[in-house]
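Topology and contacts: notes
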2 protein chains.
Amino acid sequence: MNDTVSGLLDAIEPVGRDPRSGGYRRPVLSTAELDLRSWFVQEAEKRGLGVETDRNGVIWAWWGEPGDGALVTGSHLDSVPGGGAFDGPLGVAAALVAVDRLRERGVQPARPFAVAVFPEEEGSRFGVACLGSRLMTGALDPDKARSLTDADGTTLADAYAKAGIDPHRLGRDDAALARIGQFVELHVEQGKGLIDLGRPVAIGSSILGHGRWKLTVTGIGNHAGTTAMRDRADPVVAAAEIVGLVAALARAEDDARATVGRFEPVPGGTNVIASRVDLWLDVRHPDDAVTRGLVDRIGAEAAGCAQRHGCKAAVVEESWSPTVGFDPALGRRLADLVPGAPVLASGAGHDAGILAAAVPSAMLFVRNPTGISHSPEEHVERSDADDSADVLADVLEGLL
Amino acid sequence: MNDTVSGLLDAIEPVGRDPRSGGYRRPVLSTAELDLRSWFVQEAEKRGLGVETDRNGVIWAWWGEPGDGALVTGSHLDSVPGGGAFDGPLGVAAALVAVDRLRERGVQPARPFAVAVFPEEEGSRFGVACLGSRLMTGALDPDKARSLTDADGTTLADAYAKAGIDPHRLGRDDAALARIGQFVELHVEQGKGLIDLGRPVAIGSSILGHGRWKLTVTGIGNHAGTTAMRDRADPVVAAAEIVGLVAALARAEDDARATVGRFEPVPGGTNVIASRVDLWLDVRHPDDAVTRGLVDRIGAEAAGCAQRHGCKAAVVEESWSPTVGFDPALGRRLADLVPGAPVLASGAGHDAGILAAAVPSAMLFVRNPTGISHSPEEHVERSDADDSADVLADVLEGLL
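Everything in this summary refers to the structure shown in the same document. (Residues numbered from 1 in each chain as written. Chains lettered and ligands numbered in written order. Predicted model: local features only at pLDDT ≥ 70, side-chain atom pairs only at ≥ 80, totals over all residues. Heavy atoms only, no water.)

What about the overall build of chain A?
- Within chain A, the secondary structure is distributed over 13 helices and 15 strands.
- Computed over its C-alpha atoms, the radius of gyration of chain A comes to 22 Å, within 12% of the 21 Å expected for a compact globule of 400 residues.
- Residues counted as buried form 60% of the 400 residues belonging to chain A.
- Summing over all exposed atoms, chain A offers an accessible surface of approximately 14200 Å²; the carbon and sulfur share of this is 48%. (Helix = DSSP H or I, 4+ residues; strand = E, 2+ residues; numbered from the N terminus. Rg over C-alpha atoms; globule rule 2.2 N^0.38 Å. Buried < 20%, exposed > 50% of the residue type's maximum accessible area, 1.4 Å probe, protein only. Areas by Shrake-Rupley, 256 points an atom, 1.4 Å probe, with all protein chains shown as cover.)

Laid out in C-alpha cells, this is it:
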C-alpha cells in the first residue's frame, strides 16, 4: 500500500461538506456518515482486515483472528454540524496507514489487533456524546439510548434499525470489552498546546470533566404586534439574559468553560412572542465538584432570572462525564515510544476517555495550526497528518 | 346552506395541527395550506361562486360576473408556526357564510362581488408578511419576491411553480386592483380591546407601522471544551445581550413593541461555540419616525455590544410597512352598519392595511376571549364566530 493519511482524507473530502462554508455535517447514520462507514469497510477489506459491526454499532477491523486482550486503535467518523475535516477521520485514517507501516516493517502481531470506529462520538444527532463507548461500557442505559430522538423526531432505535443494526441488542458488551487489552486513540488537537510548544504530537494525560444540560425557559406565547411590552412573559428575553449569566459565572471560575451553542425559541416565528426556549449548556472543569457547583449556580440564577420575566426555567442533565485520567502505566510506555512528546490534558471528550473506565486507554494528539476545532478552520498540515501514522505505528509496534 | 362559521372551521380543524401543542403550522403553499385552499375552492363552488387564481396567487370566488369596482371581502389561510385556528380562516369562513346569509335575505348584488384569499399573509415561510397584497399593489418587487427563500432553501419562484402558479407573472396587478371597489377584511382580534369593552365586534381604525429586520452577529466558531472563556468571540453571548438591549430600548419608548422570536446560532451544535447568530427583529410603533429611530438605535447599540465581545453585528431590513389609517368614509359607513361597535387600532399587520394604499379598505375585529394570538391559546367563542357572519352580511348588504 502506498496510501498516506492525507491521501485517504482527500478521498473523503467532499462527503458531507457544505460547499459554501467548507464545514462538515456528518451526523451518525446520516447518508454522509454511512458513506464514510462504507469507505472505512472498503479500506479495511483492501488491507485484508476482517470487518464486523458489534451490537452497539462499533465497526471492528481485525488483523488476523479476533480475540481477547487485543491492541485496539481507532476513532470516529461522525462530525458536529459545521465541523472540520480531521476531528475523528484523522485517527481512523492514521490507524489504517499504521497497519500498512507495520506490515512494511515486517511486524507480525503477537496478539489480536484491531482498528475500531465508534458511532455518535459528537452526540450531534442524538444529544449524547461518545454514545457507542458509553453503551459498550454500560455508562448509558440502553432503554434511554433507544428512546433518544434527533431534531426530526426520529428515535435512535429507528435510526439503528434503518441502518441494519438491531436496536434491541444495544447495551453493555462484556465480550467486546474483554477483547480490548489496550486502546489508543489518535486525534487532532483541539487547542493550541502543540503550536505553543512547537511540537507535532502530544500524549494525552486526562480529559476534562464535562456534561450537557438542557435548560427550558417557559413563558407565554403571543402576537408580536398586539402585545404591549409590559404585558409580556417573553422566554427569549429571559433565556438571553440567562446566556449572559452562564458566561459570567464561567468566567468567574478559573479553568471553567460554559457554552450555549444551541438556542431554540419555540415556535420560532419572527412575528411571534415565543412560548418556550430550549437551550443547551456544555459545562467543563478539571474538578468535577466545581463543574457540578457551577451548573447548580446556573440553575438557581436561571430560575430567579426567569421569574423576574414572568417565566419559568428548568434544567435537565443530558449527559455527564467525570474528569478521566488515562492509564499511567500505558502513558509511560507511550512516553518511551514517542520520545520528547509533551503531555497534554484534553478539554474535549473522546471515546478513549469513556473506555478508560473499563480498559487501559491512551491518546495521541496531532498539531492543529489554527488551534480551532468544531469549525471549518480546524486544520492539520499534510506532513503532520502523514507523519502521525508513523508515530502511531511506533506506538503500536512497541505495544504489540 | 345551513353552514355556520364554527361548523366550517370544525371541518378544517385537523389541517396542519400539531396534536401535542394544539398549534397550527400552515405555511403558504405547504401541504396544509394547499389543503385549505382546496377546501375554500370546494366551499366556494358549492355556493356556485366562480373561482379563479390570479397571477400573484390570490384566489377569487365571484358571485356572478367578475368586474371592476367590486365589493370584496376575505382574509388568508396561512398561519405562523404554532398559530391559532382563527387568525385568517375566521375571515374566510365568515365571508362564505355571509354569502349564504345575503342569499337568504334575497339580496341580489347590484355590482360585482367576490371573496378573496391572500397568500403568505404571515410571512412565516418566505419572510415577507402580506406578500400577496404587496405584490398586487406593487409594494414588493417581483424579482425580489421570486428570489426569497424558505428555511429549506426553496425559492418562492420554485414554490409557486410547484403549486402551478407561473412565477414569471408575479407583480403589480392593475386589473386586479381595478376590480376592488372596496375591501372589507374580518379578522380575530389579537389583543384585549373587545374583552375590556365587553363588545363582540369592533371596526378597525388603523394598523401600527411595523417592519422586520435581520440582525446577524458574527464571531469565531470553536470547540466548547478546548477554548478558554477569555479566548472566545462567542456570537451567542453577544446576540443574547443584544436581545436584552432590544427589549430595554422598546420598553423605554411609549407604545413601542420590539420582539425577537427567531434566534438561530450557526452551526447550532451543543459542544460548538457558534460562528454566527441570525436573529430577527419585529419592531412596531404608531409613529413611523419612532419605529425607524428605534431600529437605528438598536443597530448602533448592537454594533457596540458585538464589538465588546470581539464580534460584528449588521442589520438588514426585510420588510417595512408604515402606519396605515383605513378609509375614513368607509369607516363611517361601517359605524352606521354595525351600531355601537367600538373603533380599535390594530397592532398586527393585515392585507387590508396593504390594500388601503390603493383601494378603500376596512376591517372588522371579532372578540378573542384570551386576548392571545399567534398561539394555540387564541380563541373565539362559537356564538361570536357564528354571529360574525351576520355582522359581516349586514356590512356587505349595506355597501352593495
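Read on, since the account is not over.
Concerning the nonpolar core
- Core analysis: the largest hydrophobic core is formed by 66 residues, its most contacted members being Phe-263, Leu-279 and Leu-281 of chain A together with Phe-263, Leu-279 and Leu-281 of chain B.
- Ignoring anything within four residues of it in the chain, the contact list for Leu-279 of chain B reads Trp-213, Lys-214, Leu-215, Ala-239, Val-243, Val-260, Arg-262 and Phe-263 of chain B. (Core = buried A, V, L, I, M, F, W, Y, C linked by side-chain atoms within 4.5 Å. Contact = heavy atoms within 4.5 Å.)

Digging into the packing of aromatic side chains
- If you walk through the whole model with that rule in mind, you get 9 aromatic pairs over all chains.
- Here the aromatic rings of Phe-118 of chain A and Phe-183 of chain A are separated by 5.7 Å at their centres, their planes lie at 80 degrees, and the arrangement is edge-to-face. Here Phe-118 of chain A, found in strand E4 (residues 113–118), pairs with Phe-183 of chain A, found in strand E5 (residues 180–188); they are 65 residues apart in sequence, far enough to count as distant.
- We classify Phe-118 of chain A as buried; its relative accessible area is 0%.
- A relative accessible area of 0% places Phe-183 of chain A in the buried class.
- Where Trp-213 of chain A meets Trp-320 of chain A, the ring centres are 6.1 Å apart and the plane angle is 50 degrees; that geometry is what we call tilted. With Trp-213 of chain A in strand E7 (residues 209–218) and Trp-320 of chain A in strand E12 (residues 312–321), this residue pair connects regions lying 107 residues apart in the sequence. The pair Trp-213 of chain A / Trp-320 of chain A is uniform in exposure class, with both members buried.
- The ring centre of Trp-320 of chain A lies 4.1 Å from the NZ or CZ of Arg-292 of chain A, which sits over that ring.
- Against the face of Trp-280 of chain B rests Arg-262 of chain B, its NZ or CZ located 3.7 Å from the ring centre. (Phe/Tyr/Trp six-rings, centres within 6.5 Å; stacked < 30°, edge-to-face > 60°. Lys NZ or Arg CZ within 6 Å of the ring centre and 35° of its normal.)

Re the sheet that holds strand E9 (residues 257–266) of chain B
Residue and element names in this part refer to chain B.
- As summarised here, the arrangement of the 4 strands in space is E9-E11-E7-E12, forming an open sheet in which the pairing is antiparallel. Strands with a single pairing partner mark the edges of an open sheet, and in this sheet they are E9 and strand E12 (312–321). Adjacent strand axes in the sheet meet at a mean angle of 15 degrees, parallel and antiparallel pairs treated alike.
- Sheet topology places strand E7 (residues 209–218) next to E12; 9 bridges connect them, and they run antiparallel. Bridged to Trp-213 within E12 is Glu-317.
- On top of the sheet, helix H9 (residues 235–251) reaches E7, E9 and strand E11 (276–285); it is set at about 175 degrees to E9, its chief contact. (Pairing = 2+ DSSP bridges. Axes fitted to C-alpha atoms, helices over the stretch in contact; angles between N-to-C directions.)

Thoughts on the packing of helix H3 (residues 89–104) of chain A against helix H13 (residues 382–399) of chain A
Residues and elements named next belong to chain A.
- Between H3 and H13, whose axes approach to 8 Å, the crossing angle comes to 60 degrees. Considering their axes alone, H3 and H13 lie oblique with respect to each other. For the crossing formed where H3 meets H13, the hand is right-handed. Here H3 contributes Leu-90, Ala-94, Ala-95, Val-97, Ala-98, Arg-101 and Leu-102 to the contact with H13, which in turn contributes Ala-385, Ser-388, Ala-389, Asp-390, Leu-392, Ala-393, Leu-396 and Glu-397.
- Looking at side-chain class alone, the contact of H3 with H13 contains 11 nonpolar, 1 polar and 3 charged residues. (Parallel < 35°, antiparallel > 145°, perpendicular 65-115°, else oblique. Left-handed = near helix turned anticlockwise from the far one by under 90°. Nonpolar A, V, L, I, M, F, W, Y, C, P; charged D, E, K, R; others polar.)

A closer look at the relation of the copies chain B and chain A
- Overlaying chain B with chain A gives an RMSD of 0.1 Å, the required rotation being 180 degrees about an axis along which the chain moves by 0.1 Å. Those values place the two copies in the arrangement expected of a two-fold rotation axis. Nearest to the rotation axis, the C-alpha of Ala-240 of chain B is located 2.1 Å from it, this being the minimum over chain B.
- The overlap is high: 100% of the interface residues of chain B also sit at the interface in chain A, so the same surface is used on both sides. (Least-squares fit on C-alpha atoms with pLDDT ≥ 70 in both.)

What to know about unusual backbone geometry
- A cis amide bond links Val-266 of chain A with the next residue in sequence, Pro-267 of chain A, at an omega value of 10 degrees.
- Not every positive phi belongs to a glycine, and Cys-130 of chain B is a case in point at roughly 55 degrees.
- Counting through the fold element by element, Cys-130 of chain B comes out in the loop between strand E4 (113–118) and helix H4 (131–137).
- Cys-130 of chain B sits in the buried class, given a relative accessible area of 2%.
- Despite not being glycine, Asp-255 of chain B has its phi angle at roughly 70 degrees, a positive value.
- Checked against the element boundaries, Asp-255 of chain B lands in the loop between H9 and E9.

Considerations on helix H2 (residues 31–46) of chain B
All names here are of chain B.
- When the terminal C-alpha atoms of H2 are compared, their 22 Å separation across 16 residues agrees well with the 22 Å that a helix rising 1.5 Å per residue should span.
- Burial in H2 covers these residues: Ala-32, Glu-33, Leu-36, Arg-37, Trp-39, Phe-40, Glu-43 and Ala-44. One side of H2 holds all its buried residues, which, seen down the axis, span an arc of 160 degrees. Opposite its buried face, H2 presents the exposed residues Thr-31 and Gln-42, each directed more than 90 degrees away. (Expected span 1.5 Å × (residues − 1). Arc of directions from axis to C-beta.)

Topic: the interface of chain B and chain A
- Counting residues at the interface gives 56 residues for chain B and 56 residues for chain A.
- Where chain B packs against chain A, one counts 0 salt bridges.
- Where chain B meets chain A, there are 16 residue pairs in polar contact (both at pLDDT 80 or more).
- Elements supplying a minimum of two residues to the side of chain B that touches chain A: strand E8 (222–223), H9, E9, strand E10 (272–273) and E11 of chain B.
- A per-element tally of the side of chain B that touches chain A places E9 of chain B first, with 8 residues.
- Here the residues of the side of chain B that touches chain A sort into 25 nonpolar, 21 polar and 10 charged. (Salt bridge = Lys/Arg side-chain N within 4 Å of Asp/Glu carboxyl O. Polar contact = N/O pair within 3.5 Å; in protein donor to acceptor, adjacent residues only side chain to side chain.)

Some remarks on the side chain of Arg-125 of chain B
- Mapped onto the elements of the fold, Arg-125 of chain B is located in the loop between E4 and H4.
- Here the side chain of Arg-125 of chain B touches Asp-150 of chain B through a polar contact of 3.0 Å, side chain to side chain.

Describing the layout of surface pockets
- Space inside the second largest pocket adds up to approximately 770 Å³.
- Together, 37 residues line the second largest pocket, and Thr-226, Thr-227, Ala-228 and Asp-231 of chain A together with Arg-257 of chain B are the ones closest to its centre.
- Elements that contribute at least two residues to the lining of the second largest pocket include exactly helix H8 (193–197), H9 and strand E14 (343–346) of chain B.
- Among the elements that take part in the lining of the second largest pocket, E14 of chain B stands out by supplying 3 residues, more than any other.
- Grouping the amino acids of the lining of the second largest pocket by side-chain chemistry returns 15 nonpolar, 11 polar and 11 charged. (1 Å grid on protein atoms, 1.4 Å probe; cavity = no way out; pocket = protein on both sides within 12 Å on 5 of 7 lines; lining within 4 Å. Points joined across faces, edges and corners; volume = space filled by probe spheres on them.)

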